[in-house]
Each structure stands twice: as structure tokens, then as C-alpha cells.
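As a plain string of letters, each chain reads:
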Amino acid sequence: MSLENLSSILECPRSKGSISIKNGLLHSENAGISFDSYLGIPWFFREPEIQLYQWQNSLKSLVFYLQGQTTILEQQINIADLGTKTKNRLLLLKEAIHFNAEKLFEILEPLIASGEVSKPISQKLVLEKLPHTQHLNSYFHTLFRDWSWATQESHQFSEQVISLFKNEKPKNIVFLGSGASRLSLDVHNYFTPELSLAMDINPLLFFCAKKVMGGEAIEFYEIPIAPLLLKDCAVKQNLSYKGVAPQNFEFIFSDAVNLPCKPKSLQAVVTPWFIDIVNQDFSKLAKKINHCLEKEACWINYGPLGYDNFKAQSYSKEELEEQLVNSGFKIENISIFEMDYLVSPHSSQSRREKVLGFCARKEKDAKEPPHFTYLPKWIADANEPIPRTEIMEQVQIRNQVAYELLNTINGKRSRKDIVPLMVNHYGMTQEMAEETLITFLINYYERRV
Ligand SMILES: C[S@@+](CC[C@H](N)C(=O)[O-])C[C@H]1O[C@@H](n2cnc3c(N)ncnc32)[C@H](O)[C@@H]1O
């Protein structure tokens, strides 16, 4: 029943053709693909193998990072004359990292069990590249907020989003970038639509959310950013859900900026903490959402405008209002809310954010924007000239200096030996050579080269 429900609103992310069900999987007849599913969640991408490759790689990087942290901790544990409390803290952190690494493998088993995907050719990869900000442990702490902390934060989040809906009674709701998904579940439980669809790309967040909503408890250590007390340095948390497993609530792995839904198939779209973390221009995202909404259906947004300030597309509230109208929406309500953000009971640091909430109703059809790729044309298209910028000049000089300096370092020479080589080679003054070398070594030490 649930797959049928889903297929009625989906279109093929590759061909835009209709979706049927074949052998228990979502299937696109005209693209000739059946979309695998992991833990019962369809892997619904234009290039499913390339996405799988990237998330498997993300797991390798995460394991590598955790191994690095373990090595640092081991070095610290071996420092002579450590106090007992200090040693125990370090040992606990090491245990926490080990535990989390094992748990990650356990949770991500469905992705690993499908076998290692070989590296796709670069020309295909550039078209499907995930932004570097999107990796397995992006937003990891939202799992604790949603399923573990005994605080009101996620409740407040859901209440404010529900208040934006006004008197809607949507038959279907799609949540873009649903993440750890407590909000999506709360909104679903409030409106009880015929279908709620949570869409995201992150397997760790979705596998945890699905298991927890199904009644499973998952343990992970929370390692807060800034603990004050010894007991807060690493806290074993239990992710769990006390309610009844939801009916008509589905997950899908898919790229929400290229929302793979049929035109005019949706009655509500919710973007919780989403619009500013994607690289797509807001006006294009707005037109894409418009394209998938029925007439008079609504788009609920809630989240910050945490853009990188200096870009033309880092829009303010007033600019977004203009873009919404230009994209066929009427703004019914637009307000600034305040909310706590990731206020862990175990950290001394926390955030309180002002966020923008709106309910925009589709009035007119907007033209569907072209498929969005994260990388610019001059990387994605082999025939496009690559612009030469001032930053490239600086990178070139820096790399040239780094290359030549690294050639002089052989494990025996000191700064005193290398400076005269630089003076001779570059015709630099002694002082300039010293400054260049010291700056390079400090940057290397601080891992900035
Ligand atoms: C800031 S988090 C917000 C998560 C959740 N809505 C919340 O408020 O806790 C952004 C979410 O968007 C997801 N995401 C990023 N790019 C995406 C894309 N292209 N398609 C679908 N989800 C995406 C991330 O994996 C993450 O779960």
C-alpha cells in the first residue's frame, strides 16, 4: 500500500517518466531502472550508484576521522603523570568514539552490505557531486535533540511550524531535508494526512529515524562541544520514541532540490531548516516547489537565512518575498520566530536563533527550472572555459612556494640551512626568506596547507 501511495506522486528522477512498482521496488519503465531500497527506504536518485559511492566514501572518511581522534586520545593518555580524573576522562572519550564507530557500522549495514561501489568516471561524478558540507555526521546532534534530550526544543519547533499551516487539512505533505525527522513526525501526527513523505539524502539520519519511529532504541555517545562537568564529557544517550509507529509516514532518499514529484501532485511542502543549506538559488527552488504543488496548495518554510553573506543569492526576507511572488506564490503569512537550537543539557554552549517562517500559497504556475547541479558549468561541462580569477593567482604563488619549500625539507636541514637556499634561489632578503619559511611551517603545523 505504501509504495503505491508513493508512486502516485513521484516521477522518475532521470527521465521524468511515471513510476510503477516492480518486484516490490519503485520502477521507472522509460529509464529502465528499478530503484533499490535500503531498510525499506527507496534510494531514488538520478544516478543511484554514484550516490551510493559517495555515501560509502563518506563512511570511509568518517572512520578515518574517528581513527585520527583515537590516535590523538592515545597520545594524550600516554602523557606521563596524568591525574586519575584526567586519564579516566580521556579513556571515556576513547571508549565513546570506539562505541560510536561500531554503532555507525551497525546502523549503516544496509549500505555496506550492498557491496563496495567502484569509483564512477569523473565526468559522471561531477554532475552528481554532493556538496562538501553534506556528509554522514552533518547534523548528527539533531538526533539527540529529536530522540533523546528531555528538553522542549523539538516540541517548540513543531508547534511553530504547525502554527504556520493555519486551517489546512492537506492530504499529502512532503518534507524536504527532513533529517532526524521528529518535526516531520509531529506535523504528520497533528494533521494525519493520507501520506507524509520525508525526503533527505543522509542515510545515517534516516536509518536512525526509521528505526526509532519503529520502536527500536539506539544508543550513541553524545560528545558535547563544550562540557563543563566531567560527567558531561561523553554521555551515552538512548534514541527512542514512546509513541505508536506512524501510519502513512514514508521515507525516501532523494535530491530535494530537484524534487522528483509529479507536476501539481502535492498539497503541502515543508522546508524545515533547508533553504539556506542548499546551493540552489532560492528563486529556482521556489519555482521547482511551485511546479509540484497543486493550485492553492501551500509551502511552509521555517528556518534561518544563514547564507554566506557576500553572494548575490544570499537573500534577505524582503528579497525572498519578491522571489516568492515572482515564482507564482501569494504570501499568506511571513513572520520571524525565535527558537532554541541544539541546546544540549550537557554543553555550556548553546544557540538561540531568529528564524523565518512563512506560508506561501500557489496562485499561478511557474515554469519548471532546469535540473540543478551543485558544481558550476565550468567544472561540470568539459567544453566550458575555466575563468581565471585573482584567487587563482594567489593559489598558484602559494602552491609554487610550498612545492619548492617542501623540496628543501629532507629531515636534516634546519631553518638556518634553508633560509640561504631561498635567498639564493629567489633573490629574497634574509628577513623575507625567514618570514616566508616560518609562515609556511606554522601553517603546516596548524594544518592550513
Ligand atoms: C539543517 S538540516 C535540517 C534537518 C531537519 N529539517 C531539522 O530541522 O532538523 C538540513 C537537512 O537537509 C538535508 N539535505 C541537504 N541537501 C539535501 C538535498 N539536496 N536533498 C535532500 N535533503 C538534503 C540534510 O541531510 C539535512 O538533513
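Our structure's up above, just so we're on the same page.
Keep in mind that this is a model prediction, so the values were computed, not measured.

Undergrad: What's the story with the overall build of the protein in this structure? I'm lost.
TA: Each helix and strand counted, the protein has 15 helices and 14 strands in total. Seen through its principal axes, the protein has C-alpha atoms that stretch 75 × 60 × 45 Å. Across the 449 residues in the protein, those meeting the buried criterion constitute 32%. Taking the intrachain contacts of the protein between residues at least 6 apart in sequence as the baseline, contacts between residues at least 24 apart amount to 69%.

Undergrad: Would you mind going over the site of the ligand with me for this structure?
TA: Around the ligand, 21 residues are found, and the nearest of them are G177, G179, N202, A256 and W273. Tallied by class, the residues present in the shell around the ligand amount to 13 nonpolar, six polar and two charged.

Undergrad: Any chance you could explain unusual backbone geometry here in plain terms?
TA: Phi is mostly negative for residues that are not glycine, and the peptide bonds are mostly trans. For Y139, which is not glycine, the phi dihedral falls at a positive 65°. As for its position among the elements, Y139 is in the loop between helix 5 (122–128) and helix 6 (141–147). At E296, a position not held by glycine, the phi torsion is positive, near 75°. Mapped onto the secondary structure, E296 falls in strand 12 (residues 293–303). In this structure E296 comes out as exposed when scored by C-beta crowding, with 10 C-beta atoms within 10 Å.

Undergrad: Is there a simple way to explain helix 2 (residues 48–77) in this structure?
TA: Given 3.6 residues to a turn, an α-helix orients residues that are three or four positions apart in the same direction. The end-to-end C-alpha distance of helix 2, which contains 30 residues, comes to 43 Å, matching closely the 44 Å that a straight helix rising 1.5 Å per residue would cover. Regarding helix 2, the residues found buried are P48, Q51, L52, Q54, W55, S58 and L73. Tucked into the core, helix 2 has its buried residues touching strand 3 (33–35), helix 3 (84–107), helix 4 (109–113), helix 5 and helix 9 (203–213).

Conventions we followed
- Residues numbered from 1 in each chain as written.
- Predicted model: local features only at pLDDT ≥ 70, side-chain atom pairs only at ≥ 80, totals over all residues.
- Helix = DSSP H or I, 4+ residues; strand = E, 2+ residues; numbered from the N terminus.
- Buried ≥ 20, exposed ≤ 12 C-beta atoms within 10 Å, placed from the backbone.
- Contact = placed C-beta atoms within 7 Å.
- Near = placed C-beta within 6 Å.
- Nonpolar A, V, L, I, M, F, W, Y, C, P; charged D, E, K, R; others polar.
- Expected span 1.5 Å × (residues − 1).

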